[in-house]
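Spelled out from the first residue to the last, the chains are:
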Amino acid sequence: MRVNEIFYSLQGEGFHTGRAAVFVRLSGCNLACPFCDTDHQPFTEMSEEQVAQAVAAFPATWVVVTGGEPALQLTPTLVSLLHQAGKEVAVETNGTLPLPDTVDWVTVSPKSDFVGRAGIPVLTRANEVKTVFGEQPPAGDPACGITADHYFLQPCDTGDARRNQDITARCIEYIKQHPQWRLSLQMHKMVGIR
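Residue numbers here run from 1 along each chain, matching the order of that chain's written sequence. Thresholds applied to this predicted model are a pLDDT of at least 70 for local features of residues and 80 or more for the giving and counting of side-chain atom pairs; totals over whole chains, interfaces and linings are not thresholded and use all residues. Water and hydrogen atoms play no part in the side-chain values, which are based on all heavy atoms of the structure.

Student: Any details on the packing of aromatic side chains? Residues and values, ideally.
Tutor: The rule is short: rings of Phe, Tyr and Trp, with Trp giving its six-membered ring, pair when the centres are within 6.5 Å, and they are stacked under 30 degrees, edge-to-face over 60, tilted in between. For the structure shown, the criterion picks out six aromatic pairs. Measuring from centroid to centroid gives 6.4 Å for W62 and W105, while their planes differ by 65 degrees, and the two rings are edge-to-face. Pair noted here: W62 is in strand β4 (residues 62–66) and W105 is in strand β6 (residues 105–108), with a separation of 43 residues, a long-range link. The pair formed by W62 and W105 is uniform in burial state, with each residue classed as buried. Ring geometry for Y151 versus W181: centroids 5.7 Å apart, planes at 75 degrees, classification edge-to-face. Taken together, the residues Y151 in strand β8 (residues 147–155) and W181 in the loop between α4 (161–177) and β9 (182–183) connect sequence positions 30 residues apart. W181 matches Y151 in its accessibility class, with the two residues each being buried. Among the aromatic residues, those joined into a ring-pair cluster are F15, W62 and W105. A cation over a ring is seen here: R2 above F43, with NZ or CZ 5.9 Å from the ring centre. Any Lys NZ or Arg CZ found within 6 Å of a ring centre and within 35 degrees of that ring's normal is scored as a charge over the ring. Over the face of the ring belonging to F7 we find R194, whose NZ or CZ atom lies 4.0 Å from the ring centre. Here a helix means four or more residues in a row that DSSP labels H or I, a strand means two or more in a row labelled E, and each is numbered from the N terminus. A 1.4 Å probe rolled over the protein chains alone gives each residue an accessible area, and that area as a share of the maximum for its type sets the label: buried under 20%, exposed over 50%, partly exposed in between.

Have a look at this one:
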C-alpha cells in the first residue's frame, strides 16, 4: 500500500469531533479539488500487515482511513486486520468509488460542486455526509442525494480570514433555513493539532 502517513491525534471534524483517533492517510486521489489542504502524494510502501502493526501501537480504538481518496487502496483484508487488532474502522471518502462492506463508519464528503461530474458519488448510504460549504450552498441539496444518519456542512477554509468569516456566516444562515444540516468546524485547526 502507498501510505502517506500514520499519526495519532483527535478527530477534528464531523460527528466524532474530539475523539482520539489513529489516522491512516493513504496516498493519491482520483479528484483534484481546488481547496484541498492535504499533501497526500508522497508515500512509503507498506504491507497491510505493517499498517495494522503500526496502528496497533496506539491506544485508541478508533482508526480513520483517509487520503487523498482511501477507496483507491483500501481492501477488506486491511479492514479485517484492523478489526483483529481491536480497532473500529472509519473511512473518509469522496464517495466516488465503492468501499469494503466491513467498514464500521463511512463519512462521505461529496465534491461534485467543485469538480463536476467526476465527483458524483456512487455511494448512496453513509453514516455521515460532511460537505464543504463554499461560495454557494451545496447544489442539489437535500443532503446531496445520500442517505445518512448525520449531515454536516463545513465552511471552506480559503486562507483569507475575512472571506472565511463571510462563508461561515452564510453557512450558518443556510443551516438555519435547512435544519437537517449541522455545522462542522475544523476543530483541529482551531486548537493547533493535526
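Student: Explain the sheet that holds β8 to me, and be specific about the residues and the numbers.
Tutor: With mixed pairing, nine strands are arranged side by side in an open sheet as β3-β1-β2-β4-β5-β6-β7-β8-β9. Edge positions in the sheet fall to β3 (44–45) and β9, since each has one partner strand and no second. In this description, strands pair whenever DSSP reports at least two bridges between them. By the bridge criterion, two bridges tie β8 to β9 in an arrangement that is parallel. When the bridges of β9 are listed, L153 appears paired with L183. Working rule for contacts: check all heavy atoms of both residues, and any pair within 4.5 Å makes them a contact. Geometry is summarised by axes, namely lines fitted to C-alpha atoms with helices restricted to the contacting stretch, and by angles between N-to-C directions that run from 0 to 180 degrees. Its contacts with the sheet place α4 against β7 (125–133), β8 and β9, and it is angled at close to 150 degrees to β8.

Student: Give me the lowdown on unusual backbone geometry, citing residues and values where you can.
Tutor: The peptide bond linking G67 to G68 adopts the cis configuration, its omega dihedral lying at 15 degrees. Examined against the element boundaries, G68 turns out to sit in the loop between β4 and α2 (76–84).

Student: Give a description of the environment of Q165 that names residues and reports values.
Tutor: For Q165, the location among the structural elements is in helix α4. When its relative accessible area of 60% is taken as the criterion, Q165 is described as exposed. As for Q165 and I175, which are separated by ten residues in sequence, their C-alpha atoms are 15 Å apart.

Student: Before we move on, could you go through the pattern of salt bridges and cite the residues and values that matter?
Tutor: Salt bridges are identified by distance alone: a Lys or Arg side-chain nitrogen within 4 Å of an Asp or Glu carboxyl oxygen. For the structure on display, the rule yields nine salt bridges. When the shortest N-O distance is used, the salt bridge between E5 and R194 registers 2.3 Å. One end of the pair, E5, is in strand β1 (residues 2–10); the other, R194, is in the segment after α5 (187–191), and 189 residues separate them in sequence. With a shortest N-O distance of 2.9 Å, E88 and R19 are connected by a salt bridge. Placement of E88 in strand β5 (residues 88–93) and of R19 in the loop between β1 and β2 (20–26) is noted, with a sequence separation of 69 residues between them.

Student: Help me get a handle on α4, residues and values and all.
Tutor: Taking 1.5 Å as the rise per residue, α4 with 17 residues should run 24 Å; its terminal C-alpha atoms sit 25 Å apart, in good agreement. Within the span of α4, buried status applies to N164, I167, C171, Y174 and I175. Along α4, the residues classed as buried sweep out an arc of 95 degrees about the axis, all on the same side. Exposed residues on α4 whose side chains face more than 90 degrees from its buried face are R162, Q165, K176 and Q177. On the buried face of α4, the contacting elements are β7, β8 and β9. Polar contacts, as used here, are pairs of N or O atoms within 3.5 Å; protein pairs need one atom able to donate a hydrogen and one able to accept it. Residues neighboring in sequence count only if both atoms are side-chain atoms. N-capping of α4 is provided by D160, with a side-chain oxygen placed 3.1 Å from the backbone N of R162. The span one expects for a helix is its residue count, reduced by one, times 1.5 Å. What the arc describes is the spread of directions from the helix axis to the C-beta atoms.

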